[in-house]
Amino acid sequence: MPGGRLTQQERRQIALGLADGLAYAEIARRLERPTSTVTREVMRNGGPTSYRADLAHRAAERRAHRGKSPAAARRTAEAPRRTVHGRDPEAVLAYEETLTTVLVHSGMPRMTARVLALLLTGDEGGLTAADLVQRLQVSPATVSKAIAYLEAQTLVRRERGEGRRERYVVDDDVWYQSMIDSAKGTAHLAETARQGVGVLGPGTAAAVRMENVARFLDYVSESITRAADQARAILHTRPEQPAE
């Protein structure tokens, strides 16, 4: 089985496989590479819809010239943590990168997505700024900026850890509160759209358009709030364990 870095030809085969709609496992089988290698390669280079073999190869060459990459350093730093519970370290890292890419595609800045993915996939229940700096191999200022973004979106909260150090936590009610805040923002936009009806003149084409926008957003806001309230209990329910 081939080892070492992917070659340019292998990256072109990955691109062709993606274009043909092949699963990562099938592409990996044809290359005689681990599935996690293909998954990580695609996700760190734009995802399945944006992967470009030549661009990915040049990016890999740049990383090689810079020496040990942040991702490689992070793998070393996280190795003991990742091997608990019988997990495959490579599979966990590949999943973490997949989750990061999905969050980026949803509109989140990449470093912020990396921080959130690390918080979500950890067993610790929370990490300090120093933990995040070490595991992501970035500066404290970078972590601080990412945390500020996540706090503004109500996706993380701070809690007092050991001594005077704060930990950043993603817990159950954070998701509920995030949905409620989203619904409030949508409702505010609906209210603003409805204000335009009086300004533009009832019955005009522009006013009708704004009224329809307001009605639509009202419905969405109410639906989000209702669904979040109905589903909130799910966040506090432990999944059933399979029978032995």
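Source: prediction; values computed, not measured.

Re the overall build of the protein chain
- Across its full length, the protein chain holds eleven helices and three strands.
- Listing each helix as α and each strand as β along the protein chain from the N terminus yields α-α-α-α-α-α-α-β-α-α-β-β-α-α.
- The buried share of the protein chain, reckoned over its 244 residues, is 36%.
- When contacts within the protein chain are restricted to residue pairs at least 6 apart in sequence, those whose partners lie at least 24 apart make up 55%.
- Accessible surface, the protein chain as shown: approximately 14,600 Å² in total, 55% of it carbon and sulfur.

Here we look at the nonpolar core
- The biggest cluster of nonpolar side chains holds 21 residues, and the ones touching the most others in it are M108, V115, L116, L119, L132 and L150.
- Only α6 (89-105), α7 (110-121), α8 (129-136) and α9 (140-152) provide two or more residues apiece to this core.
- Tallying contributions element by element places α7 first for this core, with six residues.
- Apart from the residues lying within four places of it in its own chain, the contact partners of L150 are M108, T112, V115, L116, L155 and V156.
- The next biggest cluster of nonpolar side chains, apart from the first, holds eleven residues, and it includes L18, V38, Y51 and A53.

A look at the packing of aromatic side chains
- Scanning all chains against the criterion turns up zero aromatic pairs.
- Lying over the aromatic face of Y176, R232 brings its terminal NZ or CZ to 3.9 Å of the ring centre.

Some points on the sheet that holds strand β1 (residues 127-128)
- Ordered by their spatial adjacency, three strands build an open sheet running β1-β3-β2, and the pairing between neighbours is antiparallel. A single partner strand is all that each edge strand has here, and the edge strands are β1 and β2 (157-160).
- In the sheet, β2 pairs with strand β3 (residues 166-169) via four bridges, with the strands oriented antiparallel. Bridge pairing links R157 to V169 in β3.

Considering α8
- Turning to α8, its buried residues are L132, R135 and L136. Relative to the axis of α8, the buried residues are bounded by an arc of 85° and lie together on one face.
- Trailing α8 by a residue or two, Q137 shows a phi angle of about 55°, which is positive.

Section: the environment of D181
- Along the chain, D181 falls in helix α10 (residues 172-200).
- Between the C-alpha atom of D181 and that of T154, which follows or precedes it by 27 residues, the distance is 8.0 Å.

Some remarks on unusual backbone geometry
- Look at Q137: it is not a glycine, yet its phi comes out positive at around 55°.
- Tracing the chain through its elements places Q137 in the loop between α8 and α9.
- What makes Q137 partly exposed here is its relative accessible area of 39%.
- Positioned with a positive phi, T154 is a non-glycine residue whose angle comes to about 55°.
- Its place among the elements puts T154 in the loop between α9 and β2.
- When its relative accessible area of 21% is taken as the criterion, T154 is described as partly exposed.

Re the pairing of β3
- By the bridge criterion, two bridges tie β1 to β3 in an arrangement that is antiparallel. Bridge pairing links L127 to Y168 in β3.

Description of the confidence of the model for the protein chain
- The predicted model of the protein chain has a mean per-residue pLDDT of 83, with 86% of residues at 70 or higher.
- Within the protein chain, the element-level pLDDT minimum falls on helix α5 (residues 70-82), averaging 50, and the maximum on helix α11 (residues 205-231), averaging 95.

Quick word on the packing of α10 against α11
- The geometry of α10 relative to α11 is characterised by a closest axis approach of 8 Å and an angle of 160° between their N-to-C directions. Viewed along their axes, α10 and α11 adopt a mutual orientation that is roughly antiparallel. In this structure, α10 meets α11 at a crossing whose hand is left-handed.
- For the contact of α10 with α11, the residue count by class is 19 nonpolar, three polar and five charged.

Some thoughts on the side chain of T39
- As for its placement among the helices and strands, T39 is situated in helix α3 (residues 35-43).
- Ignoring anything within four residues of it in the chain, the contact list for T39 reads Y24, A94 and T98.

Cut-offs applied
Residues numbered from 1 in each chain as written. Predicted model: local features only at pLDDT ≥ 70, side-chain atom pairs only at ≥ 80, totals over all residues. Heavy atoms only, no water. Helix = DSSP H or I, 4+ residues; strand = E, 2+ residues; numbered from the N terminus. Buried < 20%, exposed > 50% of the residue type's maximum accessible area, 1.4 Å probe, protein only. Contact = heavy atoms within 4.5 Å. Areas by Shrake-Rupley, 256 points an atom, 1.4 Å probe, with all protein chains shown as cover. Core = buried A, V, L, I, M, F, W, Y, C linked by side-chain atoms within 4.5 Å. Phe/Tyr/Trp six-rings, centres within 6.5 Å; stacked < 30°, edge-to-face > 60°. Lys NZ or Arg CZ within 6 Å of the ring centre and 35° of its normal. Pairing = 2+ DSSP bridges. Arc of directions from axis to C-beta. pLDDT = per-residue confidence, 0-100. Axes fitted to C-alpha atoms, helices over the stretch in contact; angles between N-to-C directions. Parallel < 35°, antiparallel > 145°, perpendicular 65-115°, else oblique. Left-handed = near helix turned anticlockwise from the far one by under 90°. Nonpolar A, V, L, I, M, F, W, Y, C, P; charged D, E, K, R; others polar.

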